[in-house]
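The chain contents come next:
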Amino acid sequence: HYIMGGVKVHADTQMTTAPGLFAAGECAAGLHGANRLGGNSLWDLLVFGKLAGEHAAQYAKANANVSINDKEVDAIAKDALAPFERDLNNSNENPFQIQHDLQDMMQDLVGIARTGSELEEAITKMEGLWARAAKAASGGNRGFNPGWHTALELKHMLTVAEAIARAALERKESRGGHYREDFPDKSAEFGKVNTSLVKDASGKMTIRQVQKEKMREDLQQLIEEFK
């Protein structure tokens, strides 16, 4: 919701760029763009959840035979259990403290009103947080262990935080709930594009501007009739 964007999906099927993975609701940007009125998510869930469910079922029926790569599964399991292999008393990091520091940094530098210099500082500080997250340690067992859960979630929190900061830095304008104190007005240039971020195989996040697609004539006609 607070990203005011989301996972790229096909407009009709709601399938993401990862074949077989579907997304619906505000995690897929939704109808409302930069608008942050309460209750928006209900429309997204009803309309696009229906589309995603129908097309996910069709995809599953058409692609029944899948193969699992055991080496990939083992690597993911090993990575997930890595926090248990680290000792908090041996120069490793407390995941709760990293989460707290990320929250403070985002509140101070990437809040509702932000500037380019603040966003650049936030992106620089995230490099240190990423390094600390790689050392996040967890004691105890696997059952009901919030420390372990937080250690696992840190990479996702940091990915989303970095995407928010980089997209906000790229958009040199103010629109809807996105406000740049150094660019307080709307920009005609940015009104024609979507800001797209992708992580490559090395984990580096790249950014580009994608021209918005023209709305289908039947949908445009429907909107005009509704007006």
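Residues numbered from 1 in each chain as written. Predicted model: local features only at pLDDT ≥ 70, side-chain atom pairs only at ≥ 80, totals over all residues. Heavy atoms only, no water.

1. Overview of the pairing of strand 3 (residues 193–199)
Two elements, strand 3 and strand 4 (residues 205–211), share 7 bridges in a ladder whose sense is antiparallel. Within the sheet, the bridge partner assigned to N194 lies in strand 4 and is V210. If you look at the hairpin formed by strand 3 and strand 4, you'll find 5 residues sitting between the two strands, and G203 has a positive phi there, around 95°. (Pairing = 2+ DSSP bridges. Helix = DSSP H or I, 4+ residues; strand = E, 2+ residues; numbered from the N terminus.)

2. Some remarks on the nonpolar core
Across soluble globular proteins, nonpolar side chains show a tendency to be buried alongside one another. In this structure, L102, M105, M106, V110 and M126 are the most contacted members of the largest nonpolar core, which totals 20 residues. Every element with two or more residues in this core is listed here: helix 3 (95–109), helix 4 (116–133) and helix 5 (146–170). The residues contacting M105, other than those within four sequence positions of it, are V110, A122, K125, M126 and L129. (Core = buried A, V, L, I, M, F, W, Y, C linked by side-chain atoms within 4.5 Å. Buried < 20%, exposed > 50% of the residue type's maximum accessible area, 1.4 Å probe, protein only. Contact = heavy atoms within 4.5 Å.)

3. Topic: the packing of aromatic side chains
What characterises a pair of aromatic rings is the spacing of the ring centres plus the angle enclosed by the ring planes. Taken as a whole and judged by the stated rule, the model has 2 aromatic pairs. Note on F22 and Y59: the rings are 6.1 Å apart at their centroids and 70° apart in plane angle, and the pair reads as edge-to-face. One end of the pair, F22, is in the segment before helix 1 (40–62); the other, Y59, is in helix 1, and 37 residues separate them in sequence. A residue is classified by how much of its surface remains accessible, and F22, at 18% relative accessible area, is buried. Relative accessible area serves as the criterion here: at 28%, Y59 is assigned to the partly exposed category. (Phe/Tyr/Trp six-rings, centres within 6.5 Å; stacked < 30°, edge-to-face > 60°.)

4. Description of unusual backbone geometry
The residue Q14 is not glycine, and still its phi comes out positive at about 70°. Judged by its relative accessible area of 3%, Q14 falls in the buried class. At F144, a residue that is not glycine, the phi angle is positive and equals roughly 50°. Along the chain, F144 turns up in the loop between helix 4 and helix 5.

5. Thoughts on the packing of helix 3 against helix 5
Their axes nearest at 9 Å, the elements helix 3 and helix 5 cross at an angle of 25°. Judged on the interaxial angle alone, helix 5 and helix 3 are roughly parallel. Remark: the crossing between helix 3 and helix 5 carries left-handed chirality. From helix 3, P95, F96, I98, Q99, L102 and M106 reach across to helix 5, where they touch P146, G147, T150, A151, L154, M157, L158, A161 and I164. (Axes fitted to C-alpha atoms, helices over the stretch in contact; angles between N-to-C directions. Parallel < 35°, antiparallel > 145°, perpendicular 65-115°, else oblique. Left-handed = near helix turned anticlockwise from the far one by under 90°.)

6. Let's talk about helix 4
Helix length check: helix 4, at 18 residues, gives a terminal C-alpha distance of 25 Å against a target of 26 Å (1.5 Å per residue), a fit within 8%. For helix 4, the complete set of buried residues consists of G116, L119, A122, I123, M126, L129 and A133. At its buried positions, helix 4 is contacted by helix 3, strand 1 (113–114), helix 5 and strand 2 (179–180). (Expected span 1.5 Å × (residues − 1).)

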